[in-house]
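Observations on the model geometry
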Amino acid sequence: MSDQNNQPFFNIQRIYLKDLSLEQPNSPGIFLETEMPSVEVEVDVKAEKLADGVFESMVTGTITAKVKDKVAFLVEAKQGGIFDIRNIPNEQLDPLLGIACPTILFPYLRSNIADMVTRAGFPPIHLAEINFQALYEQRLAQFQAQQAANGGDASVVVGDASQSKH
């Protein structure tokens with residue numbers, strides 16, 4: 001019975017939309033523009049320990065669309081998840097929170113952003129898939145370089161944000 005208590009355990013407790021905002025500072029005039037907007041996408045990943053074995057993972061997407069120098073719309077969405085993670089070695093916990101959890105949350109974020117943009121009167125924005133492992137490895141390398149420069153321990157990255165621009 002003690003073997004069962006020490007088995008690795010991963011469970012999605014809840015997936016939720018934590019925040020969603022839309023700004024259209026140049027509406028309704030922006031709808032009369034004929035030029036295609038340029039779109040900038042930023043993705044941010046964070047994780048936080050809520051209790052023993054319970055973690056919140058969050059993926060934030062910020063989309064800015066501009067026509068010439070005018071902002072057509074700005075959407076920011078934060079997709080969160082609460083995960084039960086127990087009996088996982090510390091060296092595997094950070095990659096789990098930085099890769100697996102955001103990979104689970106990202107499809108929900110994509111859907112919520114596409115829905116919001118469509119409801120705002122614009123064609124939907126379908127975010128491209130993100131390789132969260134590559135994003136995590138990039139963040140880890142930056143964090144380790146920063147820690148090495150400061151003479152600190154570079155073994156834990158949980159809770160630090162990373163940003164990716166597409």
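The structure we're discussing is the one just above.
Residues numbered from 1 in each chain as written. Predicted model: local features only at pLDDT ≥ 70, side-chain atom pairs only at ≥ 80, totals over all residues. Heavy atoms only, no water.

Let us look at helix 3 (residues 132–150). Between its first and last C-alpha, helix 3 extends 26 Å over 19 residues, near the 27 Å set by a 1.5 Å rise per residue. Listed in full, the buried residues belonging to helix 3 are Phe 132, Leu 135, Tyr 136, Arg 139, Leu 140, Phe 143 and Gln 147. Mapping the buried residues of helix 3 onto a view down its axis gives an arc of 130°, with all of them on the same face. Exposed side chains of helix 3 directed beyond 90 degrees from the buried face belong to Gln 142, Ala 148 and Ala 149. Residue Asn 131 occupies the N-cap position of helix 3, its side-chain oxygen lying 3.0 Å from the main-chain nitrogen of Gln 133. Once helix 3 finishes, Gly 151 follows within two positions and takes phi at roughly 75°, a positive value. (Helix = DSSP H or I, 4+ residues; strand = E, 2+ residues; numbered from the N terminus. Expected span 1.5 Å × (residues − 1). Buried < 20%, exposed > 50% of the residue type's maximum accessible area, 1.4 Å probe, protein only. Arc of directions from axis to C-beta. Polar contact = N/O pair within 3.5 Å; in protein donor to acceptor, adjacent residues only side chain to side chain.)

Before going further, it helps to spend a moment on the environment of Leu 127. Here Leu 127 shows up in the loop between helix 2 (90–119) and helix 3. The spacing of Leu 127 and Val 41 is 86 residues in sequence and 8.1 Å in space, taken between C-alpha atoms. Once residues lying within four places of it in the same chain are set aside, the contact partners of Leu 127 are Val 41, Ile 63, Phe 106, Arg 110 and Ile 113. (Contact = heavy atoms within 4.5 Å.)

Within the structure shown, the criterion is met by 4 aromatic pairs. Ring geometry for Phe 10 versus Phe 83: centroids 5.6 Å apart, planes at 25°, classification stacked. Taken together, the residues span a long stretch of sequence, with Phe 10 in strand 1 (residues 9–23) and Phe 83 in strand 4 (residues 70–86) at a distance of 73 residues. For Phe 10, a relative accessible area of 34% translates into the label partly exposed. An aromatic cluster is built from Phe 31, Phe 73 and Phe 122, whose rings are joined through pairwise contacts. (Phe/Tyr/Trp six-rings, centres within 6.5 Å; stacked < 30°, edge-to-face > 60°.)

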